[in-house]
Amino acid sequence: MAVAARSVLAAGRAGCGRRCRGLPAAAAGPYCTVAPQRERRQPPADMRSYLWSRYKEAKRVTKELVPSIMSNMLNPDAIFSNNEMSLSDIEIYGFDYDYTLVFYSKHLHTLIFNAARDLLINEHRYPAEIRKYDYDPNFAIRGLHYDVHRALLMKIDAFHYIQLGTVYRGLSVVPDEEVIAMYDGSHVPLEQMSDFYGKSSQGNTMKQFMDIFSLPEMTLLSCVNEYFLKNNIDYEPVHLYKDVKDSIRDVHIKGIMYRAIEADIEKYICYAEQTRAVLAKLADHGKKMFLITNSPSSFVDKGMRFIVGKDWRDLFDVVIVQADKPNFFNDKRRPFRKVNERGVLLWDKIHKLQKGQIYKQGNLYEFLKLTGWRGSKVLYFGDHIYSDLADLTLKHGWRTGAIIPELRSEIKIMNTEKYIQTMTWMQTLTGLLEHMQVHRDPDSQMILEEWKKERKEMREMNRNFFNAQFGSLFRTDENPTYFLRRLSRFADIYMASLSCLLNYEPDYTFYPRRTPLQHELPGWSDQLCTGTFRIPFLQETVQVK
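Criteria and cut-off values
Residues numbered from 1 in each chain as written. Predicted model: local features only at pLDDT ≥ 70, side-chain atom pairs only at ≥ 80, totals over all residues. Heavy atoms only, no water. UniProt positions renumbered as here; feature names shortened; annotations may be inferred. 1 Å grid on protein atoms, 1.4 Å probe; cavity = no way out; pocket = protein on both sides within 12 Å on 5 of 7 lines; lining within 4 Å. Helix = DSSP H or I, 4+ residues; strand = E, 2+ residues; numbered from the N terminus. Buried < 20%, exposed > 50% of the residue type's maximum accessible area, 1.4 Å probe, protein only. Contact = heavy atoms within 4.5 Å. Polar contact = N/O pair within 3.5 Å; in protein donor to acceptor, adjacent residues only side chain to side chain. Phe/Tyr/Trp six-rings, centres within 6.5 Å; stacked < 30°, edge-to-face > 60°. Axes fitted to C-alpha atoms, helices over the stretch in contact; angles between N-to-C directions. Parallel < 35°, antiparallel > 145°, perpendicular 65-115°, else oblique. Left-handed = near helix turned anticlockwise from the far one by under 90°. Nonpolar A, V, L, I, M, F, W, Y, C, P; charged D, E, K, R; others polar.

A. View of the UniProt feature "active site" (unreviewed entry) in the protein. Residues annotated by UniProt as "active site" (unreviewed entry) correspond here to Asp-96 and Asp-98. None of the other annotated residues line the largest pocket; only Asp-96 and Asp-98 do. Tracing the sequence through the fold places Asp-96 in the loop between strand E3 (92-95) and strand E4 (103-104). Assessed through its relative accessible area of 6%, Asp-96 is described here as buried. When neighbours within four sequence positions are excluded, Asp-96 is seen to be in contact with Leu-101, Leu-291, Ile-292, Thr-293, Lys-325, Tyr-380, Phe-381, Gly-382, Asp-383 and Asp-388. Within the structure, Asp-96 has its side chain in polar contact with the side chain of Lys-325 (distance 2.9 Å). Mapped onto the secondary structure, Asp-98 falls in the loop between E3 and E4. Looking at Asp-98, the relative accessible area reads 9%, which means it is buried.

Written out as structure tokens, the structure reads:
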């Protein structure tokens, strides 16, 4: 039961799909997906006592489940698989740089926020009073959508539905009724969603923030919106979005961020991710390695010297900087240029990508021609699901690995007793509501409304476990987030950091857990529904779905 019980937190609603043996529909386990039917027998005379007795019994059984679930904790350092993949088939490993090979301290986002805020004031003539806003690392999460025309930041699920209670105008939540009125419900049509790379373009009104670097951008947008709203200043949301986007971009392209990190590398770069150990392990097993990053040469060199050592280039067969991903994967026109030791661009034609050299720009098609590294023998790691991974898996057949730093902290939260108690009871109460809704008398309906209120309160509590405003990166109340949908499509495997690779042998095969489709479970799990409020689960150890 310990392993099975874990799936109440992972697999979501899965049921046996038929009447459990010897049990009426209203008494069956909450995840038996038999269509509710009115009981043929005479309903109890005292419905209040009947329903509350079922409630107490469900709570008792749920409480007994918690210790067994606690004995089967998720591993924060595990690698999770969306697609079966054997490392024995991988001959070449590729890496992004930022938030893949190197991780940054909390000070970096504060630096980006402050620098972009000052650019808004000094170059875009925004009010100097916005300097009173400081960066709040606990405000936003990655994967949120921003309605450019309405200046609203929100969380959207895999089916394009807005999670009510997570829509923010400035720093204040927008009431559900107002959201429903604005969007004529809570669904965002496909033509309004962000484009393939998460951008707001060609009529798309939504921008999706997928980059870890976008956290200060979302916070700055919200702070400036808040200032305008609080001071009753009329403004154009589209202009604000563009100005903030340009300011954040300038922090990078004008070298503000790069110079600050290089000047105080120990403050901004975290050394603890064991990058050198991962690279050395792969090299010892004869794997070829390459680096493709959008960052500049001197910046990458200083960072890699700090975390790997001055001989870091000896570990890589090819190093490409300022690649301009995702254009690197699609634009066939830009040739490679060699960068010499002084950072000067050379003009000679590139006929071969040599080990120990650094190259700038280029394109993937030329890269494939010069290296011959094609197809599923290549595994590329990056933190940006769109810019790093999407084109590689869809167009070129490379295997892909997503680095999701937030995964480690979320799993640690999921392993806490408080979270397990809350989620287990919420799932059980949901099943109780599903099967007791057949009772339509006034007393029963009053009790069901109480249960719905309790369930709503637990949903809010669950959100607060992760982020008070937006909750988990991976789930809305019930559904996967839009972020997780894209992660599942574009990443064969995902993990919190590259150091997770140290836990696996170089010939290890990753097998995705077979999670049940809603219609699938009846054929082979009837034995799991054998008693009142027994919850049918699938055996899952570390898969987060």
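B. Geometry of the UniProt feature "binding site: Mg(2+)" (unreviewed entry) in the protein. Mapped onto this structure's residue numbering, the UniProt feature "binding site: Mg(2+)" (unreviewed entry) falls at Asp-96 and Asp-383. Across 288 residues, the annotated set stays spatially compact, with a maximum C-alpha separation of 7.7 Å. Lining the largest pocket, from the residues named above, are Asp-96 and Asp-383. Note on placement: Asp-383 falls in the loop between strand E15 (378-382) and helix H13 (385-395). Excluding residues that lie within four positions of it along the chain, Asp-383 makes contacts with Asp-96, Asp-98, Tyr-99, Thr-100, Arg-142, Asp-211, Ile-212, Asp-388 and Ile-403.

C. View of the packing of aromatic side chains. Evaluation of the coordinates by the stated rule reveals 41 aromatic pairs. With 6.4 Å between their ring centres and 10° between their planes, Tyr-93 and Phe-381 make a pair best called stacked. Remark: Phe-381 occurs in strand E15 and Tyr-93 occurs in strand E3; sequence separation between them is 288 residues. Residues Tyr-93 and Phe-381 agree in their burial class; the two are buried.

D. Geometry of the packing of helix H6 (residues 214-230) against helix H7 (residues 237-253). The contact between H6 and H7 brings their axes to 10 Å, and the two run at 140°. Between H6 and H7, the angle is such that the two are oblique. Of the two elements, H6 crosses H7, and the hand of that crossing is right-handed. Residues Glu-217, Leu-220, Leu-221, Val-224 and Asn-225 of H6 pack against Leu-240, Tyr-241, Val-244, Lys-245 and Ile-248 of H7. Here the residues of the contact of H6 with H7 are counted per class, giving 7 nonpolar, 1 polar and 2 charged.

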